[in-house]
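# Understanding the architecture of this molecule
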Amino acid sequence: MAQSPNIIIIGAGLTGLTLAYQLKNKGLIATVIEARPRLGGRMLTDYQTDRAPLELGATWLGQKHQQLNQLLSTLKLGVFEQHIGPRAIYEPISTSPPQLAQLPPNEEPSYRIQGGSAQLIQTLIAQLDQDQVQLNEMVEAIQDETAQLLVTTSKGNYSADYVISTLPPKLLFSKVQLPILPSELRDLALNTHTWMGESIKVGLRYSKPFWRSAQTSGTIFSNVGPVSEMYDHADYEDQTYALKGFMNGSYHSATPEFRRNLILKQLERYFGAVVHDYLSYEEKVWSQAVYTFVPYDGYILPHQNNGHPVFRKPYLDGRFFVAGSETAQHHPGYMDGAVGSANWVASQLVK
């Protein structure tokens, strides 16, 4: 009987855990190495007892996201439609008051995962062996030892037949010593947009959804800010309530208290003093997440080089793969891209 290969997956986000899950279903056991003390990468749901789960990372999916939907179906995880409503608060300019604008019918609704996006991560990890994932361990270098690849981490060395990175390409080539890979790949990776890297996600929990009255809406679009978009973020059962949205990334260096007070001041324009009766405020400044984002050397466009075909080639005679949401052929930068990338690498390894 042939000996099972040593497979190392770098990163325990959606791509890494989906890949480990798919490989295990084929009888291949991979070791997943994660620098963070937690699972999930950019899948980050904040949970508090008897309060709405708040998505501070990946949140929405659509019917067109077929590979993600297939995975959710296989794992028996449900989804529910994002509440948008018939109207939205619209704030075009600072010199005019906010308006209540009628929204057209939504032909392609967005959906959320029942119980929070982290339910997908928790379900995937439950399918793996207990010792498959190593947390708090940062990969520092990968070298070609002819017969195998040598992976050096903050805790030691691993010999591997196959190595798959699921890190954002810019992060991979900025933080891991990789003298063994071609300059074409390196140059492209260093100029690839990191999905959600500039995002500031914010959320406020409330005991009642006061924004659902006939005279207002929980859907907000503002050119004034500092929050540009905000949505009703009640749980699937519609028993706990929150508003969740995106803050202008230029506020990344402010304090959490300063950001919170700016957001409350904006919401007060729409809803009045009731906005100050919040249960909790949560935020995630993704540009400060050192295991996700590395500042660019120059100007990078949103989704620049995401899905580039250079990422979908095995390197080092088929022993090294650059995977992750940014590298996917379809829907790069989204959860579906992360799952699609994992499925592609799994198919290559199984061959």
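## Some words on the packing of aromatic side chains
Describing an aromatic ring pair means giving the distance of the ring centres and the angle of the ring planes. The final tally for this structure, using the stated rule, is 11 aromatic pairs. Taken together, a centroid distance of 5.5 Å and an interplanar angle of 75° make the contact between W60 and Y231 edge-to-face. Placement of W60 in the loop between β4 (54–55) and α2 (66–74) and of Y231 in strand β16 (residues 227–232) is noted, with a sequence separation of 171 residues between them. Judged by relative accessible area, W60 falls into the partly exposed class, the value being 21%. Judged by its relative accessible area of 10%, Y231 is buried. Between Y206 and F210, the aromatic rings sit 4.9 Å apart at their centres with planes inclined by 85°, giving edge-to-face as the arrangement. For the pair Y206 and F210, a shared accessibility class is recorded, and that class is buried.

## Focus: the pattern of salt bridges
Applying the stated criterion across every chain, the model contains 11 salt bridges. Between E282 and R205 there is a salt bridge; the shortest N-O distance is 3.5 Å. Placement of the pair is E282 in strand β18 (residues 280–285) and R205 in strand β14 (residues 200–206), with a sequence separation of 77 residues. For the pair E282 and R205, one class covers both residues: buried. By sharing partners, the salt bridges in this structure join D46, R205 and E282 into a single network.

## Let's talk about the sheet that holds strand β9 (residues 133–134)
Strand order in this open sheet of 5 strands is β9-β2-β1-β13-β19, and the pairing throughout is parallel. Edge positions in the sheet fall to β9 and β19 (320–322), since each of these pairs with one other strand and no more. Of the strand pairs in this sheet, strand β13 (residues 162–165) and β19 are connected by 3 bridges, and their pairing is parallel. When the sheet's bridge partners are listed, I164 is paired in β19 with F321. Across the sheet, helix α7 (residues 335–350) lies against β1 (7–10), β13 and β19, angled at about 165° from β19, the strand it touches most.

## Things to note about the pairing of strand β2 (residues 30–33)
In this sheet, β2 lies alongside β1 in parallel orientation, the contact comprising 4 bridges. In the sheet register, I9 faces β2, and the bridge partner there is V32. In this fold, the crossover linking β1 to β2 by way of helix α1 (residues 14–25) has right-handed handedness. The pairing of β2 with β9 spans 2 bridges and is classified as parallel. Among the inter-strand pairings, V32 is bridged to a residue of β9, identified as V133.

## Observations concerning the sheet that holds strand β6 (residues 87–91)
Here we have 7 strands laid out as an open sheet, ordered β7-β6-β15-β16-β17-β14-β18, and mixed in their pairing. With one partner strand each, in any of the chains shown, β7 (99–102) and β18 form the two edges of the open sheet. In this sheet, adjacent strand axes meet at a mean angle of 20° when their direction is disregarded. The pairing of β14 with strand β17 (residues 241–247) spans 7 bridges and is antiparallel. Within β17, the position partnered with Y206 by the bridge is Y241.

## Details of the side chain of S165
Mapped onto the fold, S165 is located in strand β13. Here the side chain of S165 touches L167 through a polar contact of 3.3 Å, landing on its backbone nitrogen. When near neighbours in sequence (up to four residues on either side) are disregarded, S165 contacts I10, L172, F320, F321, V322, A323 and G324.

## Examining the nonpolar core
By size, the foremost hydrophobic cluster in this structure holds 43 residues, and its most contacted members are I9, L14, L19, L23, L120, L124 and I164. Counting only elements with at least two residues in this core, the list comes to β1, α1, β2, α2, β8 (111–113), α3 (118–127) and α7. Per-element accounting of this core gives the leading share, 7 residues, to α7. I33, I142, V163 and V176 belong to the second largest nonpolar core, which has 26 residues in total.

## Describing the packing of α1 against α3
Each pair of packed helices can be summarised by the angle the axes make with each other and by the distance between the axes. Axis separation between α1 and α3 bottoms out at 9 Å; the angle between their running directions is 35°. The handedness of the crossing between α1 and α3 is left-handed. Judged by residue contacts, L14, L17, T18, Y21 and K24 of α1 engage L120, I121, L124, I125 and Q127 from α3. Of the residues assigned to the contact of α1 with α3, the class counts are 7 nonpolar, 2 polar and 1 charged.

## As for the packing of α2 against α7
In the contact formed by α2 and α7, the axes pass within 7 Å of each other and the chain directions differ by 80°. Judged on the interaxial angle alone, α7 and α2 are roughly perpendicular. Here Q66, Q67, L68 and L71 of α2 lie close against α7, whose contacting residues are M335, D336, V339, G340 and N343. Looking at the contact of α2 with α7 residue by residue, the classes come out as 4 nonpolar, 4 polar and 1 charged.

The rules we used
Residues numbered from 1 in each chain as written. Predicted model: local features only at pLDDT ≥ 70, side-chain atom pairs only at ≥ 80, totals over all residues. Heavy atoms only, no water. Phe/Tyr/Trp six-rings, centres within 6.5 Å; stacked < 30°, edge-to-face > 60°. Helix = DSSP H or I, 4+ residues; strand = E, 2+ residues; numbered from the N terminus. Buried < 20%, exposed > 50% of the residue type's maximum accessible area, 1.4 Å probe, protein only. Salt bridge = Lys/Arg side-chain N within 4 Å of Asp/Glu carboxyl O. Pairing = 2+ DSSP bridges. Contact = heavy atoms within 4.5 Å. Axes fitted to C-alpha atoms, helices over the stretch in contact; angles between N-to-C directions. Right-handed = clockwise from strand over helix to strand, strands pointing away. Polar contact = N/O pair within 3.5 Å; in protein donor to acceptor, adjacent residues only side chain to side chain. Core = buried A, V, L, I, M, F, W, Y, C linked by side-chain atoms within 4.5 Å. Left-handed = near helix turned anticlockwise from the far one by under 90°. Nonpolar A, V, L, I, M, F, W, Y, C, P; charged D, E, K, R; others polar. Parallel < 35°, antiparallel > 145°, perpendicular 65-115°, else oblique.

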